[in-house]
Amino acid sequence: MTRSPEPDQERTLLEAVAFAAERLLGPAEQARLPEVLVALGEAAAVSRVALVAAQSGGNAATARMEVRHQWTAPGVGRLQPANTGWPRYPARWQAELESGTTIAGPARAFPAAERVAVEASGCGSIMLVPVT
């Protein structure tokens, strides 16, 4: 489900990740998150970047995503919790992310049950990168 970026895009993404790591490891990381998300979004040429915390409590059946911080391109809606709170995410994602695996791809490439989770957030594609 992942696609290799073009060489220039790959370099830009790596620079953005280095920028993010420097900012997140600094003394005022919370204040710097907005500029980190902008840099990542612009480098990846995406419409939304969200820092999401997994809320599983060890139970995949009740696992949820909680958006802690986000950036959106002009004209793009921000992720909002559903009436019952933040959306559940597929059980496979919890295991993949806990093992350090990135989950990425266009919504159409995911199995039907997972596609629902991607499309429910208004995304045409998604990339989930575990940060520990």
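Details of the structure are given in the entry above.
Residues numbered from 1 in each chain as written. Predicted model: local features only at pLDDT ≥ 70, side-chain atom pairs only at ≥ 80, totals over all residues. Heavy atoms only, no water.

S.K.: Residue-level account of the overall build of the protein chain, with values.
M.R.: Looking only at helices and strands, the protein chain has four helices and four strands in total. Along the chain direction, N to C, the helices and strands of the protein chain fall in the order α-α-β-β-α-β-α-β. Counting the 132 residues in the protein chain, one finds 27% classified as buried. Considering only contacts in the protein chain between residues 6 or more positions apart, those separated by 24 or more positions represent 44%. (Helix = DSSP H or I, 4+ residues; strand = E, 2+ residues; numbered from the N terminus. Buried < 20%, exposed > 50% of the residue type's maximum accessible area, 1.4 Å probe, protein only. Contact = heavy atoms within 4.5 Å.)

S.K.: Hey, could you go over the nonpolar core for me, with residue numbers and the actual values?
M.R.: In this structure, Met 65, Tyr 89, Trp 93, Ile 103, Ala 107, Phe 110, Ala 117, Val 118, Cys 123, Ile 126 and Leu 128 together form the largest nonpolar core, which totals 11 residues. Elements supplying a minimum of two residues to this core: α4 (112–120) and β4 (125–128). Excluding residues within four positions of it along the chain, Ile 126 makes contact with Trp 93, Ile 103, Ala 104, Gly 105, Phe 110 and Val 118. (Core = buried A, V, L, I, M, F, W, Y, C linked by side-chain atoms within 4.5 Å.)

S.K.: I'd like a description of the side chain of Thr 72, backed by residues and values.
M.R.: Of note, Thr 72 is situated in strand β2 (residues 64–72). Setting aside its immediate chain neighbours within four residues, Thr 72 contacts Ser 47, Arg 48, Gly 77 and Arg 78.

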